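# An overview of the molecular structure
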Amino acid sequence: MTDSDGGRLESVEDLSGGLDSDTEDFAQQIADQVASFLLALREISRDEQGGAAIPLLLLEVSQLLLAGARLGALQDFQPPTEYQPDVGPESDLDEMRLRFAQLLDAVDTYSFVFDPYAPELVDSQLSDDLTSIATDLENGLRHFRSGDIAEALWWWQFSYVSSWGNLAGAVLNALLSVVAHDRLDADFTLDDDDVAAADEILGGDSTAPR
């Protein structure tokens with residue numbers, strides 16, 4: 001998709017002459033999923049109580065990864081031009097990031113392995129990674145809504161394999177760990193104060209009987 005210097009490789013398939021109906025339908029489905037995820041993310045971040053934040057994020061990220069897998073499983077999409085068209089400035093998502101940082105609090109910071117074939121533990125924040133994913137997705141959506149479907153598909157696919165797909169997988173695993181602790185009272189790496197904070201965010205009681 002890109003060469004070692006970050007430039008685009010020559011297109012294997014020129015999509016500038018118009019996309020077939022199946023590809024257009026596929027692009028619309030991805031755009032709908034992206035728009036739904038972005039809307040849900042903003043709404044979840046505004047939940048001041050935070051009782052359902054973790055389960056809802058788990059659901060939304062899971063659904064998003066299905067869209068990403070569909071992008072990764074199909075052909076390589078190639079844009080019709082060498083440089084990415086200008087679709088205006090990115091949306092300012094910093095307020096959403098700060099809301100998530102406050103909402104997730106003690107469970108915001110987590111660790112993950114970015115590349116399992118070159119394992120190195122990375123410390124990150126759910127709030128930062130969710131915002132980074134949203135930024136990548138929103139960029140593609142702006143291309144789609146401007147009518148440049150080929151560019152949107154290329155960007156969504158490229159950013160999925162290079163960035164947001166990996167981050168979404170790591171975020172999903174972290175969210176699942178919090179839910180597993182709450183549901184199963186499994187061994188967890190958080191200290192007592194952090195465990196209590198996780199229980200409060202989930203609005204549950206990890207010691208409740210079945």
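One can find the structure itself at the top, above this paragraph.
Source: prediction; values computed, not measured.

## Things to note about the side chain of D136
Within the fold, D136 resides in helix 4 (residues 126–145). Buried charge without a partner: D136 forms no salt bridge, and the closest opposite charge is R142, 9.0 Å away. Residues in contact with D136, not counting those within four places in the same chain, are W155, W156, S159, S163 and W164.

## Here's the deal with the packing of helix 3 (residues 94–104) against helix 4
Two elements in contact, helix 3 and helix 4, have axes separated by 8 Å at closest approach and are oriented at 150°. Between helix 3 and helix 4 lies a crossing of right-handed hand. For the pair helix 3 and helix 4, the contacting residues are M96, R97, F100, A101 and L104 in the first and L126, S127, D128, L130, T131 and A134 in the second. Within the contact of helix 3 with helix 4, the residues separate by chemical class into seven nonpolar, two polar and two charged.

## What to know about the pairing of strand 1 (residues 109–113)
Only one face of strand 1 is covered, namely the face carrying Y110 and F112; the face carrying T109, S111 and V113 is uncovered. Relative to strand 2 (residues 121–125), strand 1 runs antiparallel, the two being bridged by five bridges. Its bridge partner being in strand 2, F112 is matched across the sheet by V122.

Definitions and limits used
Residues numbered from 1 in each chain as written. Predicted model: local features only at pLDDT ≥ 70, side-chain atom pairs only at ≥ 80, totals over all residues. Heavy atoms only, no water. Helix = DSSP H or I, 4+ residues; strand = E, 2+ residues; numbered from the N terminus. Buried < 20%, exposed > 50% of the residue type's maximum accessible area, 1.4 Å probe, protein only. Lys, Arg positive; Asp, Glu negative; His and termini not counted. Salt bridge = Lys/Arg side-chain N within 4 Å of Asp/Glu carboxyl O. Contact = heavy atoms within 4.5 Å. Axes fitted to C-alpha atoms, helices over the stretch in contact; angles between N-to-C directions. Left-handed = near helix turned anticlockwise from the far one by under 90°. Nonpolar A, V, L, I, M, F, W, Y, C, P; charged D, E, K, R; others polar. Pairing = 2+ DSSP bridges.

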